[in-house]
Amino acid sequence: MRRPVRVDAVTSDHGPDGPLTVRTDTATYRARVVINATGTWDRPYWPHIPGRETFAGRQLHTHDFRSADELRGLDVVVVGGGTSAVQFLLQLDGVAARTTWATRRPPQWTDAPFDTEWGADVERRVRERTLAGLPTLSVVAATGLPLTQEYRRGIASGLLVSRGMFTRITPDGVVFPPGTGASPGSTAETVHADVILWATGFRPSVDHLAPLHLHEPGGGIRTDGTLVAREPRLLLAGYGASASTLGATRAGRRAARAAARRVAKPAL
Ligand SMILES: Cc1cc2nc3c(=O)[nH]c(=O)nc-3n(C[C@H](O)[C@H](O)[C@H](O)COP(=O)(O)OP(=O)(O)OC[C@H]3O[C@@H](n4cnc5c(N)ncnc54)[C@H](O)[C@@H]3O)c2cc1C
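Here the structure is a predicted model, which means the values were calculated and not measured. (Residues numbered from 1 in each chain as written. Predicted model: local features only at pLDDT ≥ 70, side-chain atom pairs only at ≥ 80, totals over all residues. Heavy atoms only, no water.)

Section: the overall build of the protein
1) Next: When helices and strands are tallied, the protein shows five helices and 16 strands.
2) Next: With respect to the three principal axes, the spread of C-alpha positions in the protein is 70 × 40 × 35 Å.
3) Next: Per-residue burial for the protein yields a buried fraction of 40% across its 268 residues.
4) Next: Summed over all atoms, the accessible surface of the protein reaches about 14,900 Å², with 54% contributed by carbon and sulfur.
5) Next: The protein carries 33 positive and 25 negative side-chain charges, and their two centres are separated by 7 Å. (Helix = DSSP H or I, 4+ residues; strand = E, 2+ residues; numbered from the N terminus. Buried < 20%, exposed > 50% of the residue type's maximum accessible area, 1.4 Å probe, protein only. Areas by Shrake-Rupley, 256 points an atom, 1.4 Å probe, with all protein chains shown as cover. Lys, Arg positive; Asp, Glu negative; His and termini not counted. Charge placed at Lys NZ, Arg CZ, Asp CG, Glu CD.)

Topic: the packing of aromatic side chains
1) Next: Applying the stated criterion to the full structure yields seven aromatic pairs.
2) Next: Here the aromatic residues Trp101, Trp109 and Tyr151 are joined through ring pairs into a cluster of three or more.
3) Next: Above the face of the Phe176 ring, Arg163 is positioned so that its terminal group lies 4.5 Å from the ring centre.
4) Next: Between Arg203 and the ring centre of Tyr45, over which it is positioned, the NZ or CZ distance is 3.8 Å. (Phe/Tyr/Trp six-rings, centres within 6.5 Å; stacked < 30°, edge-to-face > 60°. Lys NZ or Arg CZ within 6 Å of the ring centre and 35° of its normal.)

Structural notes on the layout of surface pockets
1) Next: Of the pockets and cavities examined, the second largest pocket occupies roughly 660 Å³.
2) Next: Contributing to the lining of the second largest pocket are 23 residues, with Val5, Val7, Asn36, Thr38 and His208 lying nearest its centre.
3) Next: Among the elements of the structure, strand 1 (7–11), strand 2 (20–24), strand 3 (28–31) and strand 4 (34–36) are those that each provide at least two residues to the lining of the second largest pocket.
4) Next: When the residues that make up the lining of the second largest pocket are grouped by side-chain class, the tally is twelve nonpolar, five polar and six charged. (1 Å grid on protein atoms, 1.4 Å probe; cavity = no way out; pocket = protein on both sides within 12 Å on 5 of 7 lines; lining within 4 Å. Points joined across faces, edges and corners; volume = space filled by probe spheres on them. Nonpolar A, V, L, I, M, F, W, Y, C, P; charged D, E, K, R; others polar.)

Quick notes on the sheet that holds strand 11 (residues 173–176)
1) Next: Pairing within the open sheet is antiparallel, and its three strands lie in the order 10-11-12. Pairing within the sheet leaves two strands with one partner each, and these edge strands are strand 10 (168–170) and strand 12 (189–192). The mean angle between the axes of side-by-side strands here comes to 30°, regardless of whether they run parallel or antiparallel.
2) Next: Here strand 11 pairs with strand 12 via four bridges, running antiparallel. Residue Val175 lies in a different strand from strand 12, and its bridge partner there is Thr190. (Pairing = 2+ DSSP bridges. Axes fitted to C-alpha atoms, helices over the stretch in contact; angles between N-to-C directions.)

Some details on the side chain of Thr223
1) Next: Secondary-structure assignment places Thr223 in strand 14 (residues 223–224).
2) Next: By relative accessible area, which is 4% here, Thr223 ends up buried.
3) Next: Once residues within four sequence positions are removed from consideration, Thr223 is found in contact with Thr130, Leu131, Val228, Leu236 and Tyr239. (Contact = heavy atoms within 4.5 Å.)

A few points about a positive patch on the surface
1) Next: The grouping of Arg253, Arg257, Arg261 and Lys265 at the surface amounts to a positive patch.
2) Next: Structurally, Lys265 is set in the segment after helix 5 (245–264). (Patch = residues over 30% accessible without salt bridge, like charges linked within 9 Å, V, L, I, M, F, W, Y side chains within 5 Å. Salt bridge = Lys/Arg side-chain N within 4 Å of Asp/Glu carboxyl O.)

Section: the domain arrangement of the protein
1) Next: The assigned domain composition of the protein is domain 1 (7–42 + 203–264) and domain 2 (52–108 + 144–198).
2) Next: Look at where the C-alpha atoms of domain 1 and domain 2 centre, and you get two points 36 Å apart. (Domains from an automatic or database assignment.)

Thoughts on the sheet that holds strand 7 (residues 98–102)
1) Next: Within the open sheet, the four strands sit side by side as 5-13-6-7. Their pairing is parallel. Two strands close off the open sheet at either side, each with one partner strand: strand 5 (58–61) and strand 7. Direction aside, the axes of adjacent strands within the sheet are offset by 20° on average.
2) Next: Against the sheet, helix 1 (residues 83–92) contacts strand 6 (75–79), strand 7 and strand 13 (195–198), and its axis sits at roughly 160° relative to strand 6.

Points about the site of the ligand
1) Next: Around the ligand, the structure places 17 residues, and the nearest of them are Val7, Thr38, Asp42, Ser244 and Thr245.
2) Next: One of the side-chain N or O atoms of Asp42 is found 3.0 Å from an oxygen atom in the ligand.
3) Next: A distance of 2.7 Å separates an oxygen atom of the ligand from a polar atom in the side chain of Thr245.
4) Next: Protein chains shield 58% of the accessible area of the ligand, which is 990 Å² for the free molecule.
5) Next: Here the shell around the ligand is built from residues that sort into seven nonpolar, eight polar and two charged. (Near = heavy atom within 4 Å. Polar contact = N/O pair within 3.5 Å; in protein donor to acceptor, adjacent residues only side chain to side chain.)

What follows is the structure in structure tokens.
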């Protein structure tokens, strides 16, 4: 084992029947099989909203969040419709001076039971997309937001009620379009912000695989389990339907077995 190692690129310099080349920040390797398990953590997604660069306060992403205490007494706009945003709002309640929740779509609350069947259904829907070579969607698009008692209380108190999405950022706040303000029929409304907390999710960390041209015209990588349609020497664990703690663990095991079978075959 060698670590720490950053993989800069995986290329097919030796043709489709030769080994893959793995270029890292320390050395270059040749590999008959590469198991890629690079997750999403290194690719936080920051949406572009006009004026973002003019904001004078602090902007941070889920990736950078350490403690609600750092935001004590501040006006915080939390952006994003997923579990991270909901958890931040709950943690900031009574800590921040004021929170405002901004989401592109109404929050997808669900009271479906949080059980094995629900989990299997989520995985099936994500798998359908990756089998079709479509890009993976946000986690919440597949899971919804399972309603807990705490969430219900948050909705009732107004804490977990989205203001919709702002369309502009100013040096000291965010601007919601007319009609979405607290007062009905209001014109565009600026909400003061000291902090914008982007809980806008992550994308698969696969930039280093770009030289392999894995993406389909639909925009995603076509996978069946850990198998990649365009590159048989590569196995993807923790991508698509296996991008969860449990899924990545299972996929890692499957990928390791598949890799062991392949390297057991004599090289061409
Ligand atoms: C904020 C957040 C909350 C989550 N919460 C849950 C949850 O509650 N339950 C759940 O099931 N899932 C959750 N997930 C999904 C999460 O993806 C999985 O739980 C799990 O961490 C995936 O494991 P992994 O090993 O595939 O990837 P990761 O844990 O992301 O590990 C990938 C590793 O690859 C490294 N890496 C990336 N690029 C390179 C490169 N080019 N070269 C070398 N190394 C590289 C990274 O540094 C990292 O060490 C969450 C994800 C996020 C971002």
